[in-house]
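Spelled out, the chains give:
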There are 2 protein chains.
Amino acid sequence: MNQQYSSTLLERAVDEFSKLPGIGRKTALRLMLHLLKREETEVDALAESIVRLRHEVKHCKVCHNISDDEVCAICANKMRDDSIICVVENFQDVLAIEATTQFHGLYHVLGGVISPMDGISPADLEIQSLVDRVGKGGVEEVILALSSTMEGDTTNFVISRRLEAFPDLKLTVLARGISINDELQYTDEVTLGRSIVNRTPFKAS
Amino acid sequence: MNQQYSSTLLERAVDEFSKLPGIGRKTALRLMLHLLKREETEVDALAESIVRLRHEVKHCKVCHNISDDEVCAICANKMRDDSIICVVENFQDVLAIEATTQFHGLYHVLGGVISPMDGISPADLEIQSLVDRVGKGGVEEVILALSSTMEGDTTNFVISRRLEAFPDLKLTVLARGISINDELQYTDEVTLGRSIVNRTPFKAS
């Protein structure tokens, strides 16, 4: 069938919604029929929120975290310890570490890990900007908080090599309390919190 | 925590999305981070599709099905047999019956079934407009295709009473191949198709 529903408006909305990951056509239809029962203002607010998010959200120019402003709330917070930088893959990892309330330094969001299979090279990540941040001085410790996967380990290694130029810098990794091959963002808060407290000096193997 | 994320734009979009049924905050966050990686035009198209759906969609003035126009594509189709009207609860039931390809008449979408528990009385449903349609003449058969629940049976009974004014009208129900307490829209196509072919005369018990 070319057209499945009696309304092309509905057809189109279901098409668009089912492009989202994990949303099939049945779910999209259920959501659209739900929206049809809501107030127009509610639907407008939903639509506006995603348009504004996409058009107006920025990445912090210091740590590259998702932000409303040029500099994110964490980097702008004078109460945070700017001598420690925690290097993470993505925004969800910042959320996960913040939820532990064990870390009071700043972050550096790489935007991924090195993965030749996915065509992600060191140049695609915010590694140079990390080196630049450390180069400006005042940073005493860099915590490598990447997932304990092969890609994470490779990225740790590449970063450690780039930071060898700063011999006084303390380079640490999260304590191995996190099981191998686990994704950081799905680790429970207690384990993740403890692994920040028990972080250990980095040794390139 | 008052604010969970580093961006109020993200916070708001997640809030709005997690209002949808079956979408929690974790899923909403995952969807929003996905949208941040898409082109702006794609996100705009998604937003526009739901706004247009909510503002522009109509209900067919004949059968009350969801439609782009005053009269829906099924009612406007000259190839369909306008002497048979199939009465259903909602739009999904039209979809389910259309998917069987066994029915070539028209529909009448009630908008629900009588349910005192949910405060739905006969006056809240499109029952009078069904009687008016039959009253205009040309209708030979009305198929009652409601879910085989107590509410569906009650609604069948009320409709049959209202249609007693037309002694020549054939009143049928779907063949009882559908198991009791099953929702029509979740019935498999074969069973549903056979129950349309084997429809039987209605007897008020």
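To keep things clear, this report deals only with the structure shown in the data block.

## A short note on the nonpolar core
Ranked by size, the top nonpolar core spans 48 residues in total, and within it Phe17 and Met32 of chain A together with Phe17 and Met32 of chain B carry the most contacts. For this core, the secondary structure elements donating two or more residues are helix H1 (8-17), helix H2 (25-37), helix H3 (40-56) and helix H5 (91-100) of chain A together with helix H1 (8-17), helix H2 (25-37), helix H3 (40-56) and helix H5 (91-100) of chain B. If we skip the residues at most four places from it in the chain, methionine 32 of chain A touches Leu10, Ala13, Val14 and Phe17 of chain A together with Ile50 and Leu53 of chain B.

## Considering the relation of the copies chain A and chain B
Turning chain A through 179° and shifting it by 0.0 Å along the axis lays it on chain B, with an RMSD of 0.1 Å. Each copy turns onto its partner about a two-fold axis. By C-alpha distance to the rotation axis, the residue of chain A lying nearest is alanine 47 of chain A, at 2.2 Å.

## Focus on the pattern of salt bridges
One pass over the structure, following the stated rule, counts 20 salt bridges over all chains. Note that arginine 12 of chain B is salt-bridged to glutamate 48 of chain A, the shortest N-O span being 3.6 Å. Of this pair, arginine 12 of chain B sits in helix H1 while glutamate 48 of chain A sits in helix H3, each in a different chain. Residue classification places arginine 12 of chain B among the partly exposed positions, given a relative accessible area of 29%. Here glutamate 48 of chain A falls in the partly exposed class, since its relative accessible area comes to 40%. A network of salt bridges, in which partner residues are shared, links Glu11, Asp15 and Arg25 of chain A.

## A few points about the sheet that holds strand S7 (residues 200-201) of chain B
Residues and elements named next belong to chain B. Taken together, the five strands give an open sheet; going across it, the order is S4-S3-S5-S6-S7, and neighbouring strands pair in mixed fashion. Whereas interior strands pair on both sides, the edge strands pair on one side only; in this sheet they are strand S4 (105-109) and S7. Across five bridges, the pairing between strand S3 (residues 81-88) and S4 is parallel. Paired with aspartate 81 across the bridge in S4 is glycine 105. Sitting on the sheet, H5 is in contact with S3 and S4, with an inclination near 160° to S4. Running at roughly 150° to S4, helix H6 (residues 127-135) makes contact with S3, S4 and strand S5 (141-144) of the sheet.

Cut-offs and rules
Residues numbered from 1 in each chain as written. Chains lettered and ligands numbered in written order. Predicted model: local features only at pLDDT ≥ 70, side-chain atom pairs only at ≥ 80, totals over all residues. Heavy atoms only, no water. Core = buried A, V, L, I, M, F, W, Y, C linked by side-chain atoms within 4.5 Å. Buried < 20%, exposed > 50% of the residue type's maximum accessible area, 1.4 Å probe, protein only. Helix = DSSP H or I, 4+ residues; strand = E, 2+ residues; numbered from the N terminus. Contact = heavy atoms within 4.5 Å. Least-squares fit on C-alpha atoms with pLDDT ≥ 70 in both. Salt bridge = Lys/Arg side-chain N within 4 Å of Asp/Glu carboxyl O. Pairing = 2+ DSSP bridges. Axes fitted to C-alpha atoms, helices over the stretch in contact; angles between N-to-C directions.

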